[in-house]
Amino acid sequence: MVITYLGGECFKITQGELTLAFNPPSKDSSLKASKFGADIALVSMDHEDFNGVENAAFGEREPFVISGPGEYEVKGVAVRGFASESSYGMEAGKAGGEKTINTIYSVSLEGMNLCFLGALGTNDLPTSAKAELDDIDILFLPIGDQGMLDYDKAYALAVQLEPKAVIPMHYTPSDLKNFLKEAGKEVAPQEKLTVKKKDLEGKEGEIIVLTA
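Calculation rules
- Along each chain, numbering runs from 1 in the same order as the chain's sequence is written.
- Where local features are concerned, this predicted model is filtered to residues with pLDDT of at least 70; where side-chain atom pairs are given and counted, the filter is 80 or more; whole-chain, interface and lining totals use all residues.
- Side-chain metrics rest on all non-hydrogen atoms present in the structure, leaving aside hydrogens and water.
- Put simply, DSSP H or I for four residues or longer makes a helix, DSSP E for two residues or longer makes a strand, and each gets a number counted from the N terminus.
- What the globule rule says is 2.2 Å times the number of residues to the power 0.38, and the radius of gyration is computed from C-alpha atoms.
- Buried means the residue's accessible area, taken with a 1.4 Å probe over protein chains only, is under 20% of the maximum for its type, while exposed means over 50%, and partly exposed covers the values in between.
- Only heavy atoms matter for contacts: two residues are in contact if any of them lie within 4.5 Å across the pair.
- Accessibility throughout is a Shrake-Rupley quantity obtained with a 1.4 Å probe, and a residue counts as covered only by protein chains that appear here.
- We score Asp and Glu as negative and Lys and Arg as positive, and we do not count His or the chain ends.
- Here the site of a charge means atom NZ of a Lys, CZ of an Arg, CG of an Asp or CD of a Glu.
- Two strands are said to pair when DSSP picks up at least two bridges between them.
- Lining residues are defined by having an atom within 4 Å of a point belonging to a cavity or pocket. Those points lie on a 1 Å grid over the protein atoms alone, cavities being sets where a 1.4 Å probe fits but cannot get out and pockets being open sets with protein on both sides within 12 Å along at least five of seven lines.
- Grid points are joined across faces, edges and corners, and a volume is the space filled by probe spheres set on the points.
- For this classification, Asp, Glu, Lys and Arg are treated as charged, while Ala, Val, Leu, Ile, Met, Phe, Trp, Tyr, Cys and Pro are nonpolar and the rest, including Gly, are polar.
- An axis is simply a line fitted to the C-alpha atoms; with a helix, the fit covers only the stretch in contact. Between two such axes, the angle follows the N-to-C directions and lies from 0 to 180 degrees.
- Summarising the geometry, the arc corresponds to the directions from the helix axis toward the C-beta atoms.
- In summary, the pairing rule links any two rings of Phe, Tyr or Trp, Trp by its six-membered ring, whose centres are within 6.5 Å, and it sorts them by plane angle into stacked for under 30 degrees, edge-to-face for over 60 and tilted for everything else.

Draft legend 1. Up close: the overall build of the protein chain. Counting its secondary structure elements, the protein chain contains three helices and 13 strands. Whereas a compact globule of 212 residues would reach a radius of gyration of roughly 17 Å, the protein chain reaches 16 Å, a difference of no more than 12%. Considered along the principal axes of its C-alpha atoms, the protein chain spans approximately 45 × 45 × 35 Å. Expressed as a percentage of the 212 residues in the protein chain, the buried residues total 49%. A sequence separation of at least 24 residues applies to 59% of the contacts in the protein chain between residues at least 6 apart. For the protein chain, the accessible surface area stands at approximately 10,200 Å², while carbon and sulfur atoms represent 46% of it. Mean positive and mean negative side-chain charge positions of the protein chain (20 and 33 charges, respectively) differ by 4 Å.

Written as structure tokens, this is what we have:
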């Protein structure tokens, strides 16, 4: 499996002939949009920073789009989506501000369990997710504070979920610095991650920083 980070919350994950896209930005987003062909596109929130499924199509390759809670099986990939809350992109209003649905995805691919938290805004996970999100191999964790988890709450959630590896996303340089300080780690960024199930055996919460 090869994991490439394209900025924001956008990831391209390839396994053999299969390609997955997570939260590709649309042309209306201020985030940099990358266009590539994917077989499956997962969208955690209906927001221009995450719902650019048109950028996951290339030539004759049109992705199957998953954009909400539920259970799916596409091209041998099992996906479960759990509804959670976020205030990302919402205008602050009454106490607590406006909130919208963010979907947490659990993806089973190549014998590995991937957990993509999207623009999660609380570390109090829904009951359905708590019961199902176990034995996580790779956790994709937002560490920004734009209606999402602050770096300290993000780290606390990562400890709670006990993944073998953590990939931070949607961060500024200061967010990343503070997150790594909270974790007590120094991590050298890398361009992409090539990983197999056996590479993660025995690991506990290893932080992997990918550059966009």
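Draft legend 2. The pairing of strand S6 (residues 70-74), seen in detail. As paired elements, S6 and strand S7 (residues 77-86) share five bridges and run antiparallel to each other. Bridge assignment links Gly 70 to a residue of S7, and that residue is Gly 81.

Draft legend 3. Structural context of the environment of Thr 211. Relative to the helices and strands, Thr 211 is located in the segment after strand S13 (206-207). Spatially, the C-alpha atoms of Thr 211 and Thr 4 are 8.4 Å apart, while their sequence positions differ by 207 residues. Thr 211 has contacts with Tyr 5, Pro 189, Gln 190 and Glu 191, leaving out every residue within four places of it along the chain.

Draft legend 4. Structural context of the layout of surface pockets. By volume, the largest pocket is sized at about 160 Å³. Surrounding the largest pocket, Tyr 155, Ala 158, Val 159, Glu 162, Pro 163, Val 166, Phe 179, Lys 185, Glu 204, Gly 205 and Ile 207 form its lining. Considering each element in turn, the lining of the largest pocket owes the most residues, three residues, to helix H2 (residues 151-161). For the lining of the largest pocket, the class distribution of residues is seven nonpolar, one polar and three charged.

Draft legend 5. Summary view of unusual backbone geometry. Its identity as a non-glycine residue notwithstanding, Asn 23 has a phi of 45°, on the positive side. One non-glycine residue, Glu 162, lies in positive phi territory at about 55°.

Draft legend 6. Examining the sheet that holds strand S5 (residues 64-66) more closely. Ordered by their spatial adjacency, six strands build an open sheet running S5-S4-S3-S2-S1-S12, and the pairing between neighbours is mixed. Lying at the two open borders of the sheet, with one neighbouring strand each, are S5 and strand S12 (192-194). The average undirected angle you get between the axes of adjacent strands in this sheet is 15°. Note: strand S2 (residues 11-15) against strand S3 (residues 18-22), five bridges, orientation antiparallel. Each residue of the ladder has a partner; that of Gln 15, found in S3, is Leu 18.

Draft legend 7. Fine view of H2. Among the residues making up H2, those that are buried are Ala 154, Leu 157, Ala 158 and Leu 161. The arc that holds every buried residue of H2, seen down its axis, measures 105°, which confines them to one face. Buried residues along H2 sit against strand S10 (138-142), strand S11 (165-169) and helix H3 (173-183). Trailing H2 by a residue or two, Glu 162 shows a phi angle of about 55°, which is positive.

Draft legend 8. Quick look at the packing of aromatic side chains. The tally for this structure, following the rule as stated, stands at nine aromatic pairs. Clustering of aromatic rings is evident, with ring pairs tying together Tyr 5, Phe 11, Phe 22, Phe 116, Phe 140 and Tyr 171.

Draft legend 9. The arrangement of the sheet that holds S11 in detail. The seven strands are arranged S6-S7-S8-S9-S10-S11-S13 in an open sheet whose pairing can be described as mixed. Looking at the sheet topology across the chains shown, the edges are occupied by S6 and S13. The pairing of strand S8 (residues 100-109) with strand S9 (residues 112-116) spans five bridges and is antiparallel. By the bridge assignment for S9, Leu 109 is matched with Met 112. Strand contacts of H2: S10 and S11, with the helix running at about 160° to S10, the strand carrying the most contacts.

Just distances and angles here, no functional claims.
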